[in-house]
Amino acid sequence: MMKLAKMIFICLFVSLVSTCSKPTEESILPPSTPGVTDKEIILGTSLALSGHASFLGTQTLYGALCYLNAVNDRGGIHGRKIRLISYDDGYDPPQCLANTQKLIAEDMVFALFCYVGTPTSAKIIPIIKEAKIPLVGIFSGAQILRKPFIRYIINIRTSYYQEIAAVIMQLVQSMGIKKIAVFYQYDDYGFDGLAGTQIALERYGLEPVAAGSYQRGSLEIEAAFEKIMASKAEAVVMVGTANPCAKFIRLAALKDFYPIFHCVSFMGADQLANKLGKAGEGVIITQVVPSPAETLLLPAAAEYTRFLAHYYPDEKPNYVGFEGYINARVVVEGLRRAGRDLSREGLIDAFEGIDNLSLGIANPLSFSSTDHQGLKNIYFTQIHEGRIILLTNIERMIKH
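Parameters at a glance
- Residues numbered from 1 in each chain as written.
- Predicted model: local features only at pLDDT ≥ 70, side-chain atom pairs only at ≥ 80, totals over all residues.
- Heavy atoms only, no water.
- Helix = DSSP H or I, 4+ residues; strand = E, 2+ residues; numbered from the N terminus.
- Buried < 20%, exposed > 50% of the residue type's maximum accessible area, 1.4 Å probe, protein only.
- Contact = heavy atoms within 4.5 Å.
- Lys, Arg positive; Asp, Glu negative; His and termini not counted.
- Charge placed at Lys NZ, Arg CZ, Asp CG, Glu CD.
- Salt bridge = Lys/Arg side-chain N within 4 Å of Asp/Glu carboxyl O.
- Phe/Tyr/Trp six-rings, centres within 6.5 Å; stacked < 30°, edge-to-face > 60°.
- Pairing = 2+ DSSP bridges.
- Axes fitted to C-alpha atoms, helices over the stretch in contact; angles between N-to-C directions.
- Polar contact = N/O pair within 3.5 Å; in protein donor to acceptor, adjacent residues only side chain to side chain.

On to the overall build of the protein chain, then. Tallying secondary structure elements over the protein chain gives 14 helices and twelve strands in all. The principal-axis extent of the C-alpha atoms belonging to the protein chain is close to 115 × 40 × 35 Å. Per-residue burial for the protein chain yields a buried fraction of 55% across its 400 residues. If you take every contact in the protein chain between residues at least 6 apart in sequence, the share linking residues at least 24 apart comes to 69%. If you average the places of the 38 positive and of the 38 negative side-chain charges in the protein chain, the two averages end up 3 Å apart.

Written out as structure tokens, the structure reads:
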């Protein structure tokens, strides 16, 4: 009897030691990835849904959501639906910062997506680097989001430097124009455009004949206008938002001042054309995506138009929304390639593996471990009779 009791004690002791020394199943599993469950992937965005930049924010959001909704209706990605949490920042950097902190710390999103604006996006760069969270598809061409290289920022669109360099080349080389001024928003966005213009002009031994600025959110452009008009500029590069730029162009017409006006893509071409009416005739806007009206030639334009009509029937296709749609196409491709076992680092690796991806926009998209800007193309458009038309002949860049 004593011998049996001793054997039972030894067995219990060995079992207890074995249990204590063996890791539990929970302890050997990797920690859960924020924003990822069995049923969904949670993304977050902060963008202007109110205020003077609301057209850009709302159209970007509608364009992205019409594609994400379609993906979800087809079953999602690897069995998960995508949920996008969106907060309004009114194009205000401190509010964007607060929204981003909430998205990361409280909402626990997997990645950030489709931010709008340079001053707002620039404000959150330290958080991106500290949290090591992907930020994918920003409606901004600013250098600060591209250089120095940041692993966690995935840019899809062409940069402002590239946009401005393309138009300066046409103005100087094709048209012989040398007196070029800059009208810019006094913040990171405008400074980037001013620097891009200065760099582009330096290639031809030139510099801006004048530079005038306005405060973000204001319409006080008169001092800048007088300075630029006094320079007798033949062309004006405009790095701002629709309302102040429209006021500048209307004022120029009243003063019989008719330079060539060039606006970068952030302007929102359709919004600018609506605000200017007849005063907008001839204004040039560079675009970073092709025309969404090319539904017969571009499969992506046809799909965007169809999805937008289905999910947001009150909205009309436009360049801003089309960019949002393309951003969504790219983030979905990255999530698909990252596989079922999602991680933030794995998503970045998946993006870096994309090479010559066809998006149905004629030009393929590629990333690498040293280059996180997917597209490089620029398209020239012009306001003509209240519509945005594609310029196939640059000589149409003429003064009215």
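Attention now goes to the pattern of salt bridges. Two side chains carrying opposite charge are able to pair once their charged atoms lie near each other. Scanning the model with the defined rule gives 13 salt bridges in all. One salt bridge connects R340 with D38, and the closest N-O pair in it is separated by 4.0 Å. Linking R340 in the loop between α13 (319-338) and α14 (344-352) with D38 in the loop between α2 (25-28) and β1 (40-47), this pair joins segments that are 302 residues apart in sequence. For R340, a relative accessible area of 35% translates into the label partly exposed. Since its relative accessible area comes to 60%, D38 is described here as exposed. Residue D187 is joined to R216 by a salt bridge in which the shortest nitrogen-to-oxygen separation is 2.9 Å. With D187 in the loop between β6 (180-185) and α8 (188-202) and R216 in the loop between β7 (211-214) and α9 (222-230), this pair connects stretches of sequence that are 29 residues apart.

A full pass over the atoms with the stated rule returns 18 aromatic pairs. Residues F183 and Y214 carry aromatic rings whose centres are separated by 5.3 Å and whose planes lie at 25° to one another, so their mutual orientation is stacked. Taken together, the positions of F183 in strand β6 and Y214 in strand β7 put the pair 31 residues apart, joining distant regions of the chain. Here F183 matches Y214 in class, with each residue buried. Taking 6.1 Å as the distance between ring centres and 80° as the angle between the ring planes, the aromatic pair formed by F225 and F257 counts as edge-to-face. Placement of the pair is F225 in helix α9 and F257 in the loop between α10 (242-254) and β9 (260-263), with a sequence separation of 32 residues. Relative accessible area serves as the criterion here: at 7%, F257 is assigned to the buried category.

Turning our attention to the sheet that holds β6. Strand pairing within a sheet occurs via backbone hydrogen bonds; the two strands may be parallel or antiparallel. Judged by pairing direction, the sheet is mixed, and its seven strands sit side by side in the order β7-β6-β8-β9-β10-β11-β12 without closing on themselves. The sheet terminates laterally at β7 and β12 (387-390), the two strands that pair on one side only. The mean inter-strand angle of the sheet, taken between neighbouring strand axes irrespective of direction, is 25°. As defined by bridge partners, strand β8 (residues 235-239) adjoins β9 across four bridges and the pair is classed as parallel.

Below, the discussion takes up the environment of D187. The buried category is assigned to D187, whose relative accessible area is 5%. Sequence separation between D187 and Q162 is 25 residues; the distance between their C-alpha atoms is 19 Å. Setting aside its immediate chain neighbours within four residues, D187 contacts Y91, P119 and R216. In terms of polar contacts, D187 uses its side chain to reach the side chain of Q185, at 2.7 Å. Reaching out from D187, the side chain makes a polar contact with the side chain of R216 at a distance of 2.9 Å.

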